[in-house]
Amino acid sequence: MLVPTIGIEVHVELKSKAKVYSNSLNAFSPEANKNMTLIDYGYPGSLPVLNREVIDMALKVCLALNCKINKEMHWDRKNYFYPDLPKGYQITQQDTPIGYDGYLETEVNGKKKKIGIERIHIEEDTCKSIHSIQGTKLNFNRAGVPLIEIVSKPDMENGEEAKAYAETLRSILLYLGISDVKIEEGSMRCDTNVSLREEGSDKLGTKCEIKNIGSISNVARSIDFEIARQTKLLEAGETIKEQTRRFDDSTMETVLMREKETGNDYRYFPEPDIPYVILTDEEIEAVRKELPVLPNELKMKYRETGMSELAMNTVIANPELCAWLENLFTKVNPVITANLLTGDILSYLNKEKISLSDTKLEQSMLQDLVETLDKKEISSKQGKEILEILLTKGGNVKEIRKERGMEQISDDATLRKMITEVIENNPESVEDYKAGRDRAIKYLMGQIMKASKGQANPAKVNTLLVEMLQKY
Amino acid sequence: MTNYLDLSVIELHELLKKKEIKPIDLVEEAFARIEERNDNAFITLNKEEAIRLAKELEEKEIDNLLFGIPVAVKDNILTKDLRTTCASHMLDDFNPVVDATVVEKLKACHAIIIGKTNMDEFAMGSTGETSYFGPSKNPWNQDKVTGGSSSGSASAISSRSVAVALGTDTGGSIRQPASFCGLVGLKPTYGRVSRNGLVAFASSLDQIGPMTKNVSDNAILLSVISGRDERDLTSAHVEVPDYTKFLNQDIKGMKIAVPNYYMSDVIDEEVRSKVEEIIALLKDHGAIVDYVDVHHMEHAISLYQIIALGEASSNLARFDGIRYGHLTERYDNIEDLYKKTRSEGFGREVKRRIMIGSYVLSGDNANIYYKKALKVRKALANSFAHVFENYDLIIGPTNTNVAYDLGTKKDDALKSFYDDILTIPVNMAGLPGMSLPVGFNHEHLPIGMHIIGNYFEEGKIYTLASFIEQQLKLDLKPKEGKTC
């Protein structure tokens, strides 16, 4: 029996204000070579400066992924020649990654799975090469953009586990607010390593690295394809060659990029231009305090409220909605809040392609609406109507109800009069009720609500109706 | 021709203040002398701009000692719109868009940059002979080397073509030529002077420093160029004193160590006996001088070849012809572009050092050589630190000998490293070190004495150096046309 071993290397672009080794703006620009300084250009005589914000961001990730921290760290040069690498070396952390030996907990088919994190280190992105018939052009906007590389331990055995790992990792990074983590745009890049070994053997098989995986679902697909490919080869008595392959999403196959020759010689050595960075316990604790509640923790909290899995997952996948839910969590019914957020609100946002902050809805308005719904003072249909107004125009829930005639009738005398009228007009239902058929009461309730244009207090109507029927 | 540039910075400052001379007089004298000497001390002259500036300064108030003073800058230090070649074909058409931090500081003082001085290519060499533009001449004797790599700065000061100059020192490149040309050269503590804008050779060793006719000029220049710079993370957060305050102080009770290694048989006898004379002089004036052992000094050359060349192989990788510098004319692909550009752009010594440096960092060698070298380097620094627990300064000869004939070591790569056996340990430890002229040999070639201080204690070096200078009162101006 062959058992797959899978490890994942994830590169994440950090959205710090400045680049990692220069004070150049770290932002997208449609204009090429707009966000660059002489440092990013590898100008003679220029020296790297270290952006402290990047260290704090990386530290957040390390703490969220339960890593040990290298409190005394240095940077290293990784030397190789390539046109997109202006200095002829990349400044990275080889010997002293900021974090190491951590883990992440995820769920695969309802079962908890703990996946080890080997190391997390800080490095810089390269330029972008733009190839055309006229030749290759370089865009330095990306040169020096901060990256963290998160290397998992080879703890996964199939595509599904790898996908769960990538998904959970992505949601955690999103929650930390340190990156856009958009695989499609390259702010999160997954490379996977796949090898097969005989069951019971400690000796790992020869691995192939898969690059260019353009989405999280392709993480699973590419791995499953690769496992099948390697299994077929091994079963046919062939050997696996160490290769770098890329995933082709049109054929859903991995394709050979290059054979790995005698390992690359990057001539690593400590970067002499950046002195050692010492992280104190106080600094680490200060960052730890700023950590938000992470998705896996949120899930446990939400599950206790009886929230549906769908609402839970949707809200967690959307930090803005989640922030609202978190703010209202102890104030009003979280299940109703989550349902509104992930239902009508989210579909409105999607339709308009905007975010919550672009609407007229405010948290206090949503709080009133949930409270009103929770007290059953309005129907869910009315709730929908009010929500639409709040989203587009804003306003006060009470006033909208007044304007729209959605105020509740709770006055006994008025209600009794309405009930009497309905009972008298529906003698057959009264008969049914007396014969012990429950649906009669539902029908009568419906008639009363209709007659009151939905304004009657349903709880009160129910009590009064039963009382009056018994006397009838 | 006038001889104002024989004077010290303070004397020139007085004349300028009294309006007895104008900056333009100094600038004109500088260019006249450079032309007359024809020592190949400069790669690029800044004539038009210097004259323009000198005239402009006539309208300004003289507010500091370097105001209107002609300076020379080594050609591996960036000067905006003034060609900076590193004495290499690779950069022979490179016009920087910025100034190095030290140049900004000189300009802020209204010092006048006369030109960019010749040097060994990318500061790799100790004779000036690896320059793409040919060697500079030693004003003491045209057949002798100036030393290097700051060959042009040494030559220009020695010939009194400028008042003061900047050099750079990675393994002795300020001190050794200062010693060969009879001038005062100081390599500051690592981190004292910003390296921003210095084209890197070996980042953990490189320092920019002053090369001057006398100790006072040296202290004045160091006070100006020192200080923390946010653009160089290795520059130190250590306050900069006015170094001239340390001049003319008593040396009584000063504790001085002489490493036995510095006085061994390897050192030329005349050089050794000159240093011994100074030791006697210092003792006579109340200094306490002891011979001590500084361990691991004997590994200096190996450390240099591993650490300096390892770093150099990486620092010089950026010269690929793509963004700046020499680009080969015809190439088939990117690999071919790199090979041809770098083969044509770099000289033999630079290529040799890149190869050695790449080798020591390659694969397992990084552990066998580089990481081990870092440990020995640390041990050497500790050994120095141990001496400084009990002593104020360390002295000895700067070099094993005086200036030798041009061409002597051209074809012996290893031999030229051996010039630096006494200077490299100081760079490895990151300490400040000065070469001070203390006399001449039988051929009337200058002999330099090495004064090494503890971290950021350049002040003590100046105290001792100014004392010796005043005692000796040497005539350090080479005699016209003299070739002994």
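Computed from a prediction, not measured in an experiment: that's the story for all the values here.

## Some thoughts on helix α1 (residues 52-64) of chain A
Residue and element names in this part refer to chain A. The terminal C-alpha atoms of α1 lie 19 Å apart, and with 13 residues this matches the ideal 18 Å at 1.5 Å per residue to within 8%. The element α1 is extensively covered by neighbouring structure, given that 10 of its 13 residues are classed as buried. When α1 is considered as a whole, its buried residues turn out to be Val54, Ile55, Met57, Ala58, Leu59, Lys60, Val61, Cys62, Leu63 and Ala64. Where α1 terminates, the next one or two residues include Asn66, which has phi positive at roughly 55°.

## Here we look at the packing of aromatic side chains
Throughout the structure, instances matching the rule amount to 21 aromatic pairs over all chains. Centre to centre, the rings of B:Phe94 and B:Tyr324 are 5.9 Å apart; their planes meet at 55°, and the pair counts as tilted. With B:Phe94 in the loop between β2 (70-74) and α4 (101-108) and B:Tyr324 in the loop between α9 (300-315) and α10 (334-345), this residue pair connects regions lying 230 residues apart in the sequence. Classification of B:Phe94 by relative accessible area gives buried; the value is 6%. Where B:Phe122 meets B:Phe346, the ring centres are 5.7 Å apart and the plane angle is 70°; that geometry is what we call edge-to-face. Here the residue B:Phe122 occupies a position in the loop between β3 (112-117) and α5 (151-158), and B:Phe346 occupies one in the loop between α10 and α11 (348-361), the gap between them amounting to 224 residues. According to the relative accessible area criterion, B:Phe346 is buried, its value standing at 3%. Ring pairing ties together the aromatic residues A:Tyr41, A:Tyr43, A:Phe140, B:Phe94, B:Phe122, B:Phe319, B:Tyr324 and B:Phe346, which thus form one cluster. Its guanidinium or amino end placed over the ring of A:Tyr266, A:Lys78 lies 4.3 Å from that ring's centre, counting from NZ or CZ. Above the face of the A:Tyr103 ring, A:Lys114 is positioned so that its terminal group lies 4.2 Å from the ring centre.

## Quick notes on the environment of B:Val402
Residues and elements named next belong to chain B. For Val402, the location among the structural elements is in the loop between β9 (393-397) and α13 (413-417). Look at Val402 and you get buried, because its relative accessible area is 4%. It is 10.0 Å that separates the C-alpha atoms of Val402 and Asp419, two residues lying 17 residues apart in sequence. Sequence-distant contacts of Val402, that is, excluding residues within four places in its chain, are made with Phe180, Val271, Asn441, Glu443, Leu445, Pro446 and Ile447.

## Here we look at the sheet that holds strand β15 (residues 269-270) of chain A
Taking strand neighbours across the sheet as the criterion, the 3 strands line up as β5-β4-β15 (chain A) in an open arrangement whose pairing is antiparallel. Strands with a single pairing partner mark the edges of an open sheet, and in this sheet they are β5 (89-92) and β15 of chain A. Relative to β15(A), strand β4 (residues 76-79) of chain A runs antiparallel, the two sharing 2 bridges. Across the sheet, the residue bridging to A:Asp76 is A:Pro270, located in β15(A). Packing of α9(B) onto the sheet brings it into contact with β4, β5 and β15 of chain A, and relative to β4(A) it is tilted by some 60°.

## Side note on the nonpolar core
Membership of the largest hydrophobic core comes to 151 residues, with the highest contact counts inside it found for B:Ile114, B:Phe122, B:Leu282 and B:Leu464. Residue contributions to this core peak at 9 residues, all from α9(B). Excluding anything up to four places from it in sequence, B:Leu282 contacts B:Ile251, B:Ile256, B:Ala287, B:Val289, B:Ile395, B:Leu464, B:Phe467 and B:Ile468. In this structure, A:Val54, A:Ile316, A:Val332 and A:Leu349 belong to the second largest nonpolar core, which totals 100 residues.

## Some thoughts on the interface of chain A and chain B
Interface extent is often summarised as the accessible area lost during association of the parts. Of the residues lining the interface, 32 residues belong to chain A; the matching set on chain B comes to 41 residues. When the buried area of chain A at its contact with chain B is split by residue, A:Tyr43, A:Pro44 and A:Phe81 rank highest and sum to 22% of it. Here A:Asp273 ties to B:Arg195 by a salt bridge, and the two come within 2.9 Å at their closest N and O atoms. Taken together, the links from chain A to chain B amount to 16 residue pairs in polar contact (both at pLDDT 80 or more). For the side of chain A that touches chain B, the elements supplying multiple residues, two or more each, are β4 and β15 of chain A. Looking at side-chain class alone, the side of chain A that touches chain B contains 21 nonpolar, 5 polar and 6 charged residues.

## Observations concerning the packing of α9(B) against α11(B)
Residue and element names in this part refer to chain B. Orientation of α9 relative to α11, taken along the N-to-C sense of each, is 100°, at an axis distance of 7 Å. If you check the angle between α9 and α11, you find them roughly perpendicular. The residues of α11 that touch α9, namely those facing Tyr304, Gln305, Ile306, Leu309, Gly310 and Ser313, are Arg353, Ile354, Ile356, Gly357, Ser358, Val360 and Leu361. Among the residues forming the contact of α9 with α11, the class breakdown is 7 nonpolar, 5 polar and 1 charged.

## A word on the pairing of strand β6 (residues 99-108) of chain A
Regular strands have side chains that alternate between both faces of the sheet. Residue and element names in this part refer to chain A. Bridge analysis of strand β2 (residues 68-69) against β6 gives 2 bridges, and the strand direction is antiparallel. When the bridges of β6 are listed, Lys68 appears paired with Tyr100. Bridge count between β6 and strand β7 (residues 111-124): 9 bridges; the pairing is antiparallel. Looking across to β7, one finds that Val108 is bridged to Lys111.

## Considering the domain arrangement of chain A
Taken domain by domain, chain A holds domain 1 (7-195 + 264-281), domain 2 (293-403) and domain 3 (412-471). Each of domain 1 of chain A and domain 3 of chain A has a C-alpha centre, and these two points are 67 Å apart.

## Section: the state of the cysteines
All names here are of chain A. Summed over the entire model, instances satisfying the criterion amount to 0 disulfides over all chains. Sulfur of Cys208: no disulfide; nearest cysteine sulfur belongs to Cys190 and is 18 Å away. What makes Cys208 buried here is its relative accessible area of 0%.

## So, unusual backbone geometry
A cis amide bond, omega 10°, links B:Gly148 with the succeeding residue B:Ser149. The residue B:Ser149 is located in the loop between β3 and α5 in this model. Phi angles above zero are rare outside glycine, and A:Asn66 is one such case at about 55°. Summarising the element assignment, A:Asn66 is placed in the loop between α1 and β2. Even without a glycine there, the phi angle at B:Ala87 is positive, about 55°. Position of B:Ala87 relative to the elements: it lies in the loop between β2 and α4.

## Describing the side chain of B:Asp120
All names here are of chain B. The residue Asp120 is located in the loop between β3 and α5 in this model. In this structure the side chain of Asp120 is engaged in a polar contact, spanning 3.3 Å, whose partner is the backbone nitrogen of Thr127. Setting aside residues up to four positions removed in sequence, Asp120 forms contacts with Cys86, Ala87, Gly125, Ser126, Thr127, Gly128, Glu129, Thr130, Ser131, Gly148, Ser149 and Ser151.

## Observations concerning helix α6 (residues 309-317) of chain A
Helical geometry: 3.6 residues make up each α-helical turn, so side chains three or four residues apart lie on a common side. Residues and elements named next belong to chain A. Those residues of α6 not exposed but buried are Ala311, Met312, Val315 and Ile316. Considered in projection along α6, the buried side chains sweep an arc of 125° and stay on one side of the axis. More than 90 degrees from the buried face of α6, the exposed residues found are Leu310 and Ala317. Buried-residue contacts for α6 involve α2 (159-176), α5 (295-305), α7 (319-328) and α8 (334-352).

## Section: the environment of A:Asp76
Residues and elements named next belong to chain A. Structurally, Asp76 can be placed in strand β4. The exposure class assigned to Asp76 is buried, which follows from its relative accessible area of 1%. A distance of 3.2 Å separates the side chain of Asp76 from the side chain of His74, its partner in a polar contact.

Rules of the game
Residues numbered from 1 in each chain as written. Chains lettered and ligands numbered in written order. Predicted model: local features only at pLDDT ≥ 70, side-chain atom pairs only at ≥ 80, totals over all residues. Heavy atoms only, no water. Helix = DSSP H or I, 4+ residues; strand = E, 2+ residues; numbered from the N terminus. Expected span 1.5 Å × (residues − 1). Buried < 20%, exposed > 50% of the residue type's maximum accessible area, 1.4 Å probe, protein only. Phe/Tyr/Trp six-rings, centres within 6.5 Å; stacked < 30°, edge-to-face > 60°. Lys NZ or Arg CZ within 6 Å of the ring centre and 35° of its normal. Contact = heavy atoms within 4.5 Å. Pairing = 2+ DSSP bridges. Axes fitted to C-alpha atoms, helices over the stretch in contact; angles between N-to-C directions. Core = buried A, V, L, I, M, F, W, Y, C linked by side-chain atoms within 4.5 Å. Buried area = accessible area lost by both parts, 1.4 Å probe. Salt bridge = Lys/Arg side-chain N within 4 Å of Asp/Glu carboxyl O. Polar contact = N/O pair within 3.5 Å; in protein donor to acceptor, adjacent residues only side chain to side chain. Nonpolar A, V, L, I, M, F, W, Y, C, P; charged D, E, K, R; others polar. Parallel < 35°, antiparallel > 145°, perpendicular 65-115°, else oblique. Domains from an automatic or database assignment. Disulfide = S-S within 2.5 Å. Arc of directions from axis to C-beta.

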